Amino acid sequence: MVYLTSNLAMRAGFLLDAVAVAESLEVSREEMENRIRAQMASAGNRVEEVRRHYSRPEAIADLRRGLTREKAAQCVYEHASVQEREVDETQVADQQGSR
């Protein structure tokens with residue numbers, strides 16, 4: 001089950017990356033700084049640990065990727081068209097069994 005969850009998370013990340021490219025989504029320096037400030041504010045007595053973490057280039061790259069994916073998810077949500085339909089339990093069980 002862990003493999004399935006991590007596999008789905010990885011696929012979702014790739015899809016959000018593709019949405020970000022297709023929609024030309026970018027994260028500004030200000031957005032990055034705001035997120036870091038927010039994390040420092042909630043870090044309590046671990047502010048120095050947060051500061052050290054974000055002194056690493058790979059941590060900044062991870063933050064940028066995460067913020068870009070958040071924007072992509074918001075974009076998908078805003079453009080989504082939801083259709084409700086009734087489904088019986090056997091259909092759900094059949095779909096879960098095919099994974």
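Check the entry above for the structure.
Because the structure is predicted, anything quoted here is derived from the model rather than measured.

Caption draft 1: Main features of the overall build of the protein. For the protein, the helix and strand inventory stands at five helices and zero strands. Its helices and strands taken in sequence order, the protein reads α-α-α-α-α from the N to the C terminus. Going through the 99 residues of the protein one by one, you find that 17% of them count as buried. Residue pairs at least 24 apart in sequence account for 76% of intrachain contacts in the protein once pairs closer than 6 positions are excluded. Surface summary for the protein: the accessible area is close to 8,300 Å², and the carbon and sulfur share equals 52%.

Caption draft 2: Layout of unusual backbone geometry. The phi torsion at S24 lies on the positive side, around 55°, for a residue other than glycine. Looking at where S24 falls in the secondary structure, it is placed in the loop between α1 (2-22) and α2 (29-42).

Caption draft 3: Examining the nonpolar core more closely. Core analysis: the biggest nonpolar cluster contains 10 residues, these being V27, M32, I36, M40, A43, V50, Y54, A59, L63 and L67. The set of elements that each furnish at least two residues to this core consists of α2 and α4 (57-79). Apart from the residues lying within four places of it in its own chain, the contact partners of Y54 are I36, Q39, A59, I60 and L63.

Caption draft 4: Local environment of α2. Look at α2: 20 Å from first C-alpha to last across 14 residues, which is about the 20 Å you get at 1.5 Å a residue. Buried within α2 we find M32, I36 and M40. Each buried residue of α2 sits inside an arc of 70° when the element is viewed along its axis, so together they form one side. Opposite its buried face, α2 presents the exposed residues E30, A41 and S42, each directed more than 90 degrees away. On its buried face, α2 is in contact with α3 (47-53) and α4.

Here is what the cut-offs are and how they apply
- Residues numbered from 1 in each chain as written.
- Predicted model: local features only at pLDDT ≥ 70, side-chain atom pairs only at ≥ 80, totals over all residues.
- Heavy atoms only, no water.
- Helix = DSSP H or I, 4+ residues; strand = E, 2+ residues; numbered from the N terminus.
- Buried < 20%, exposed > 50% of the residue type's maximum accessible area, 1.4 Å probe, protein only.
- Contact = heavy atoms within 4.5 Å.
- Areas by Shrake-Rupley, 256 points an atom, 1.4 Å probe, with all protein chains shown as cover.
- Core = buried A, V, L, I, M, F, W, Y, C linked by side-chain atoms within 4.5 Å.
- Expected span 1.5 Å × (residues − 1).
- Arc of directions from axis to C-beta.

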